[in-house]
Structure formats: structure tokens, C-alpha cells
Amino acid sequence: GENVEQHPSTLSVQEGDSAVIKCTYSDSASNYFPWYKQELGKGPQLIIDIRSNVGEKKDQRIAVTLNKTAKHFSLHITETQPEDSAVYFCAARISAYSGAGSYQLTFGKGTKLSVIP
Amino acid sequence: DTGVSQDPRHKITKRGQNVTFRCDPISEHNRLYWYRQTLGQGPEFLTYFQNEAQLEKSRLLSDRFSAERPKGSFSTLEIQRTEQGDSAMYLCASSLGPQAFFGQGTRLTVV
């Protein structure tokens, strides 16, 4: 099955700096890659996603890049703010739209981001 | 609130007891998922429904676990004869397209 590795496990940045979280996946058939933000005591919140036919996607201060050849994808947060502090999870899935895939997401172990004011 | 709703938010039970959790998905979402999350880990897939049909089950879903979605709307997850290892956050998610949206979860503590 799919295996997703995420690093770093913890990341501290100064407010205003950029943060980068990286993930690698094992199954070359994976073609959908969402990122979730989870605050303490809450469920994961979808913040951005990317499909394998796109190399980069941006939404305000958040961007995701995908390198299918290397099987890795990254989350970039610019101009970090204290409210960005949370645990971030990457995930991968083989889209069922291909007819042979699955709807289950395989998650990384998470990155705890701390933004220091 | 039109998000995914889970009930209860917290549950403490004694080992050996049965527990049942409920999930109300986002209206009109035909797909519903259950995940389990332990401390310091990412969510792990348990099972998936499309409408009322349970189409995928993880090996994590032992025979003590059963999930239903009888009318293709809300879903229940039951754990029989709970064990301490069942202590975790149980998350429900729903989707219409590829994007899955999670509820706040049910925190289960087995004592």
C-alpha cells in the first residue's frame, strides 16, 4: 500500500518568515495530494490540495508544489503568523476516478509548526 | 453549521463495554469515511461508504468494529468489547468530489 513520509516533525519559525514542509510518497499511481491543518482538540481542516496533472498551486500565503518524478510534494507558507501554529498533515490518494483507485487517504505523521511572535 | 458533525465529542468507557459514535456528514455528500487518530500520528483509514454501501474496509477494522450508514445519510461506528488500545480520536469525513472534510472527532478513552 501507499506510504507517506513527512518531515520535519517539528518546525519553529519567527513570525513573518517562511515555513516549508516536505512529504514523499511511495506509490507512483497516487494522483491527489491534500494538506490539512489540525489545531489542538479539533479535526483536520483542508487547507489546499493538488492533483498530479498540476505542478504548483497557490492560495494567498499558502502554496503546494509537486514533483511526480521524485514522488515528493511540499507545502510552503509565507509571511507566517502566530495563528498558523498547528500540526500540518500531508496525504496522498490514488484517485478512484481512474477506475482502479481507492478513496482512502494515506497521511504522513504530521509537522508541528510553531510561529514565534 | 453545515460542516461534518460528530457525537459525542468525548467518551470515557470501561474496558469491555460497547460504544457507538454518530457522524452526520455535510448535506448531499454521498461519500463518508471513518478514520482513527492516535496521539502524535496522522489519521488512519478505517472504512468508507458511498451512499449506504460500505465499499472499503481497512485491516485495522477488526471484527469488534462495525460501521453502518443505513439510509445513506448519517453513519454510526460501534466498537464492541472495548480494549485500552482502542483509545484514540475517531474522525469522520465526507466528500462529494475529491476533497474530504473532517468533523471535530470523538475522543474515546478506555479505562
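The rules behind these values
- Counting restarts for each chain: residues are numbered from 1 in the order of the written sequence.
- Starting at A for chains and at 1 for ligands, labels are handed out in the order in which the entities are written.
- With the structure being a predicted model, the display of local features is reserved for residues of pLDDT at least 70 and the display and counting of side-chain atom pairs for 80 or more, all residues being used for whole-chain, interface and lining totals.
- Hydrogens and water are ignored here; the side-chain numbers use all heavy atoms of the structure.
- Computed over the protein atoms alone on a 1 Å grid, cavities are sets of points where a 1.4 Å probe fits but cannot get out and pockets are open sets with protein on both sides within 12 Å along at least five of seven lines; a residue lines them when it has an atom within 4 Å of a point.
- Grid points are joined across faces, edges and corners, and a volume is the space filled by probe spheres set on the points.
- A helix here means a DSSP run of H or I that spans at least four residues, while a strand means a run of E at least two residues long, and both kinds are numbered starting from the N terminus.
- By definition in these notes, contact holds between two residues if any of their heavy atoms fall within 4.5 Å.
- Buried area is calculated as the accessible area (1.4 Å probe) missing from two parts once they are joined, with the contributions of both summed.
- In the sections that follow, a salt bridge refers to a side-chain nitrogen of Lys or Arg positioned within 4 Å of a carboxyl oxygen of Asp or Glu.
- Pairs of N or O atoms are called polar contacts if they sit within 3.5 Å, as long as, within protein, a hydrogen donor faces a hydrogen acceptor (for residues adjacent in sequence, only side-chain-to-side-chain pairs).
- Here the term charged refers only to Asp, Glu, Lys and Arg, the term nonpolar to Ala, Val, Leu, Ile, Met, Phe, Trp, Tyr, Cys and Pro, and the term polar to all other amino acids, Gly among them.
- By definition, two strands form a pair when at least two bridges between them are found by DSSP.
- What counts as an axis is a line fitted to C-alpha atoms, over the stretch in contact for a helix, and the angles between N-to-C directions run from 0 to 180 degrees.
- We call a pair of cysteine sulfur atoms a disulfide whenever their separation is within 2.5 Å.
- Burial classes follow relative accessibility: with a 1.4 Å probe on protein chains only, a residue under 20% of its type's maximum area counts as buried, one over 50% as exposed, and anything between as partly exposed.

**Thoughts on the layout of surface pockets**
Space left empty within the atom packing is revealed by a probe, the size of a water molecule, rolled over the atoms. Its boundaries defined by the atoms lining it, the largest pocket holds a volume of some 680 Å³. Considering the residues around the largest pocket, the lining is formed by 27 residues, among which Glu2, Gln104, Leu105, Thr106 and Phe107 of chain A are closest to the centre. Looking at the lining of the largest pocket, the elements with two or more residues in it are strand S1 (4–7) and strand S10 (106–107) of chain A together with strand S5 (44–50) and strand S6 (53–57) of chain B. Take the lining of the largest pocket: its biggest share by element is three residues, from S1 of chain A.

**Concerning the interface of chain B and chain A**
Listed by partner, the interface residues are 23 residues for chain B and 20 residues for chain A. Both sides together, the interface formed by chain B and chain A hides about 1,800 Å², and carbon and sulfur atoms give 51% of it. Joining chain B to chain A, the criterion identifies zero salt bridges. For the interface between chain B and chain A, the tally reads ten residue pairs in polar contact (both at pLDDT 80 or more). Going through the elements one at a time, strand S4 (31–37), S5 and strand S10 (101–102) of chain B are the ones with two or more residues in the side of chain B that touches chain A. With four residues, the single largest contributor to the side of chain B that touches chain A is S4 of chain B. Per-class residue counts for the side of chain B that touches chain A are eleven nonpolar, nine polar and three charged.

**Some thoughts on the sheet that holds strand S3 (residues 19–24) of chain B**
Pairing between sheet strands relies on hydrogen bonds along the backbone, with the strands arranged either parallel or antiparallel. Residue and element names in this part refer to chain B. Spatial strand order, S1-S3-S8-S7: four strands in an open sheet with antiparallel pairing. At either end of the open sheet lies a strand with only one pairing partner, and these are strand S1 (5–7) and strand S7 (65–68). Here the strands of the sheet are splayed against their neighbours by 15° on average, with no regard to which way each runs.

**Overview of the state of the cysteines**
All names here are of chain A. Enumeration over the complete set of coordinates arrives at two disulfides over all chains. Two residues, Cys23 and Cys90, share a disulfide whose sulfurs are 1.9 Å apart. Here the disulfide of Cys23 and Cys90 is left-handed, its torsion about the S-S bond being about -100°. A residue pair is termed long-range when its members are at least 10 positions apart, and Cys23 in strand S3 (residues 19–25) and Cys90 in strand S9 (residues 86–92) qualify at 67 residues. Here Cys23 falls in the buried class, since its relative accessible area comes to 1%. In this structure Cys90 comes out as buried when scored by relative accessible area, which is 0%.

**Things to note about the sheet that holds S3 of chain A**
Residue and element names in this part refer to chain A. Ordered by their spatial adjacency, five strands build an open sheet running S1-S3-S8-S7-S6, and the pairing between neighbours is antiparallel. With one partner strand each, in any of the chains shown, S1 and strand S6 (56–59) form the two edges of the open sheet. For this sheet the average axis-to-axis angle between neighbouring strands, irrespective of direction, equals 15°.

**Observations regarding the environment of Ser85 of chain A**
Residue and element names in this part refer to chain A. Along the polypeptide, Ser85 turns up in the loop between strand S8 (72–77) and S9. A residue is classified by how much of its surface remains accessible, and Ser85, at 29% relative accessible area, is partly exposed. Considering only alpha carbons, one finds Ser85 and Val115, 30 residues apart in sequence, at a separation of 5.5 Å. Setting aside residues up to four positions removed in sequence, Ser85 forms contacts with Leu113, Ser114 and Val115.

**Structural notes on unusual backbone geometry**
The omega angle of the peptide bond from His7 of chain A to Pro8 of chain A is 5°, so this bond is cis rather than trans. Here Pro8 of chain A is to be found in the loop between S1 and strand S2 (10–14). In the segment running from Asp7 of chain B into Pro8 of chain B, the intervening peptide bond is cis, with an omega of -5°. Of note, Pro8 of chain B is situated in the loop between S1 and strand S2 (10–13). Positive phi, normally seen in glycine, also occurs at Glu79 of chain A, with a value near 45°. Assignment of secondary structure puts Glu79 of chain A in the loop between S8 and S9. Residue Glu79 of chain A is classed as exposed on the basis of its relative accessible area, which comes to 53%. Its identity is not glycine, yet Glu28 of chain B carries a phi of approximately 80°, on the positive side. Here Glu28 of chain B lies in the loop between S3 and S4. The exposed category is assigned to Glu28 of chain B, whose relative accessible area is 70%.

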